[in-house]
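Next come the chains, spelled out residue by residue.
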Amino acid sequence: MSAVEARVAQLEEIFLRFELKAESDADNKTGGPLVPRARHYELAQALKEAGWTSYVAVVASHWLEEKKGETVVDVEHFEVATALRSVGAGTLVAKWRVRLELNEDIDSLFPLFAGADWQEREQYDLVGVSFKGHPDLRRLMMPDEWVGHPLRKDYAIETGCAPWR
Amino acid sequence: MAVKDQLAALEAERNYEHPIYDVLARFPGLDIATTSVDALLEWGAKNSLWIFPMATSCCGIEFMAAAASRVDLDRMGTIVRGTPRQCDVMVVAGTITVKMAPRVKRLWDQMPEPKWCIAMGSCAISGDFYRDIYSVIPGIDIVVPVDVYIPGCPPNPESLMAGMMRLQERVSLKRAGKPVPKDERPETHDKTIVPKIGRFEDRIAKDPNDRTTRLQELSARTLKVQGLELPDESGE
Amino acid sequence: MAVAETPPAAPVTPAAQATPIAPVTQVAASTGPLVPSGPPRDGPIPPIRAARTPRTDCKPTKAFVPEPHLDLSTYEADADLMTLSLGPQHPSTHGVFRVVLYLDGEQIVKAVPYPGYLHRGVEKLCEKLMASNITPIIDKNDYVAPMTNEQAVNMAFESLMGVEVPVRARYLRTVLAETQRVASHLLWLGTFGMDLGGALGGGTSLFMWCFRERELILDLFENLTGCRFHYNTHTVGGNRHDVPAGWPEMLHRTLGAIDERLDQYLGMLEHPIFSARTKGVGVIDADLALELGLTGPLLRASGVDHDLRRDAPYHAYAEVDLKVFVEDAGDCWARSKVRIEEMRESIRISRILVDNLPPGPICSTKPLKMVGQHKLPPGQVYVGIETPRGELGTWLIGGGANKGSSPYRLKIRSPSLHACAVIPYVLPGCSLSDAIAILGSLDPVMGEVDR
């Protein structure tokens, strides 16, 4: 068994413990399984203990209300995806997503990974997702006085002229 | 005060007069030396343009390449200094954001007169494709008055050198410490093209109900970018 | 600053003398009066830490409690604190970056970084553009290594669309990435020499040397792509520009010339002043590096044997035998050593691969011209590659509300962001002059931090 296969088996085992199905990028590109909000921190902790020690990224995305005809298919919500990486031979990325309603917050991974500090601040700044337990949740990119969260979908960039399109 | 009026005031402030003219005026008969002193000062100024690099992004790397071994900007008498207090020319090389713009203004104010400004690269001229982005200043000339625009993304080191030579021509267009009025200038110097670009306020006038422009305007007002005032930094 | 009446600083305890480089945790965890720890400036140069074997099984060995947010109200030293704002316009911050330093004399007690002075909203802009338009914009992110930027974002698009890259393009991409790595590290070395000031015979001489070599590589790229700086040579499914006649010979000439001079740079590492300024300065140990998500040369200089080119091969890296250099000290000197050794390895790989460039097409797709020519399927992918600064990742979300060829959300995971996040952990306890050396050795690119 090669190093990568061992890692894949290990990841599947951990995800199975959390009643999830591990999905590789080659099969279906979903960005990992959906995890309940309450088990987000727990899963990160389990992965860290199993060797996924390097923090890769947190991606928050804003999804607008989706309509099919007149019926509302999906309400406005956030999705926060997290990626961790195992270090050394056979390195593998573990990814999962968490769905958040508009007024919900998500557990910060800062107690586990110090590298989450700035990434979470950036997502808070640009998308407006708040992270519970982050010691220093301030804006990172924009000035403190800035109004609005630019990467939300209702913060459009079409202004008077868009000459490059 | 509108941005245009403030810019006009900024330009008016730049009518700099060298202190040596006070001395010349005090002694009767020395007025005739003014022309020779003019020539001397002009020669000195245009051959020792010290550069203050406001290098923020990609153009900063090309600026470094221009100062480095192959192109060697130093042979024109330009020396790159890290402090605004000793410099004559500010080269704005790169994108200027709303967070950076007050600092650019402050550093420009710290430079002694006479001083010139070069906008290097598309981002400094007009914002380039970041132009409509919420955090980018569409052109540095709403913050500081610009003398020479160097187009390119980024401009080659050779273009920067051409721009410096253009600035030397501009420096020599001074009489008795004051810039020569436009109608008295030689024809070649009248062809400088100043880009005509809509600004924040123009766009806000275009569609007042646009959510983005309203947000941008709100943020810009809070930041006092339009008022060209500095936010209080002591609290940080 | 300290006034004349202040009593002298607390004497250095024997324990502190035994380990001159105080661990970061020690500074943060002390609740009592915070005595400046660290080596005395006028004493002998502290030795680097005892060598350890490189770690390959990287599991968290101890509970590491990071605490950069030191509460200054607990600071009860007799001397007042001085606040110094370094940046955003400072020659040694490598762009526009601001660090507020709280100083006790010359010792840094706390460092608070403020990024975001070059935030250009690239991620927002990409939500409106199709893949072929995104490439030249991504170029401007890490403006020291544009080639690897393009590769990262195009590989994400290829992964989501399921596009295969021809063998020839994969080889060419490897050659370009490795040559770009040499150019990037050369620029780092030149600016690092400037940061260290007069350490290397007048400050700017190393800068001049490195730019002389870097210009040769830029000529190489200009021959291939027509552009000196922002290349826009990668596209979804391959490359735009095939190798012109005589280009491999030119590459051999250029890289051969640089390879000969690398020995000079390696010899420079033994220069007494260079060693004094860098050895034992800014130590990041393996635990801290992993905690903070450091990648690339910074991680390898801390003794962690991890390189995506070898561990998760992409492009044509599986075809070559890549040597990965690991240093154990974790200080500025080790980072310099790792980068210079990487240059030699990159040159070796490029020269092998350009000789074995297979024939065939350079691109598997038609050039993207119209909106909607290629639809982005719904889905999310993450692709990370090893750039000169570490793992540059692209998280791409397709589909969504704009069901066209533009991504719904594109997030760039930049290695420089994590490199800058090290600052509050490493700077406390150092002197002000060491801060400049540490900032230079991290090699951050602000376009990538702020995006």
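The preceding data block contains the structure.
Residues numbered from 1 in each chain as written. Chains lettered and ligands numbered in written order. Predicted model: local features only at pLDDT ≥ 70, side-chain atom pairs only at ≥ 80, totals over all residues. Heavy atoms only, no water.

Draft legend 1. Just the overall build of chain A, in detail. From N to C terminus, chain A includes three helices and eight strands. From first element to last, N terminus to C terminus, chain A shows the α and β order α-β-α-β-β-β-β-β-β-α-β. With an accessible surface of roughly 6,800 Å², chain A has 50% of that area assigned to carbon and sulfur atoms. (Helix = DSSP H or I, 4+ residues; strand = E, 2+ residues; numbered from the N terminus. Areas by Shrake-Rupley, 256 points an atom, 1.4 Å probe, with all protein chains shown as cover.)

Draft legend 2. Inspection of the packing of aromatic side chains at higher detail. All names here are of chain C. A full pass over the atoms with the stated rule returns nine aromatic pairs over all chains. Between F207 and F211 the ring centres are 4.6 Å apart and the planes differ by 50°, which places this aromatic pair in the tilted class. In this pair, F207 and F211 are both assigned in helix 7 (residues 204–225), four residues apart and thus about one turn of the helix distant. Assessed through its relative accessible area of 1%, F211 is described here as buried. (Phe/Tyr/Trp six-rings, centres within 6.5 Å; stacked < 30°, edge-to-face > 60°. Buried < 20%, exposed > 50% of the residue type's maximum accessible area, 1.4 Å probe, protein only.)

Draft legend 3. Spotlight on the sheet that holds strand 6 (residues 379–387) of chain C. Residue and element names in this part refer to chain C. As summarised here, the arrangement of the three strands in space is 6-7-8, forming an open sheet in which the pairing is antiparallel. Each of the sheet's edge strands pairs with one partner strand only, and the pair in question is strand 6 and strand 8 (409–413). Put simply, the sheet's adjacent strands are angled 15° from each other on average, direction ignored. Inspection of the sheet shows strand 6 paired to strand 7 (residues 390–398) by nine bridges, in the antiparallel sense. Within the sheet, the bridge partner assigned to G384 lies in strand 7 and is G393. Taken strand by strand, helix 5 (residues 146–161) contacts strand 6, strand 7 and strand 8, and its axis lies near 150° from that of strand 6. (Pairing = 2+ DSSP bridges. Axes fitted to C-alpha atoms, helices over the stretch in contact; angles between N-to-C directions. Contact = heavy atoms within 4.5 Å.)

Draft legend 4. Summary view of the interface of chain A and chain C. Taken together, the contact between chain A and chain C spans 60 residues of the former and 52 residues of the latter. The contact between chain A and chain C buries some 4,600 Å² in all, and 60% of this surface belongs to carbon and sulfur atoms. Ranking the residues of chain A by area buried against chain C places K29, W118 and M141 of chain A at the top, with a combined share of 16%. Our count for the chain A to chain C interface comes out at four salt bridges. Put simply, chain A and chain C have 16 residue pairs in polar contact (both at pLDDT 80 or more) between them. Those elements giving two or more residues to the side of chain A that touches chain C turn out to be strand 2 (54–63), strand 5 (77–85), strand 6 (93–100) and helix 3 (116–126) of chain A. (Buried area = accessible area lost by both parts, 1.4 Å probe. Salt bridge = Lys/Arg side-chain N within 4 Å of Asp/Glu carboxyl O. Polar contact = N/O pair within 3.5 Å; in protein donor to acceptor, adjacent residues only side chain to side chain.)

Draft legend 5. Structural detail: the pattern of salt bridges. Residue and element names in this part refer to chain C. Tallied over the entire structure, the rule returns 38 salt bridges over all chains. For the salt bridge of E158 with R173, the shortest nitrogen-to-oxygen distance reads 2.9 Å. In this pair, E158 sits in helix 5 while R173 sits in helix 6 (residues 167–195), placing the two residues 15 residues apart along the sequence. Assigned by exposure class, E158 and R173 land together as buried. A salt bridge links E213 to R261; its shortest N-O distance comes to 3.0 Å. One end of the pair, E213, is in helix 7; the other, R261, is in helix 8 (residues 247–268), with 48 residues separating them in the sequence. Residue classification places R261 among the partly exposed residues on the basis of a relative accessible area of 25%. A single salt-bridge network, built from bridges that share partners, covers E178, R181, R300, D307, R309, E342 and E386.

Draft legend 6. Here's a closer look at the environment of Q151 of chain C. Residue and element names in this part refer to chain C. Topologically, Q151 is positioned in helix 5. Judged by relative accessible area, which is 0%, Q151 ranks as buried. Expressed as a C-alpha distance, the spacing of Q151 and T235, which sit 84 residues apart in the sequence, is 8.3 Å. Residues within four places of Q151 in sequence aside, it is in contact with R173, L176, A177, H234, H315 and I385.

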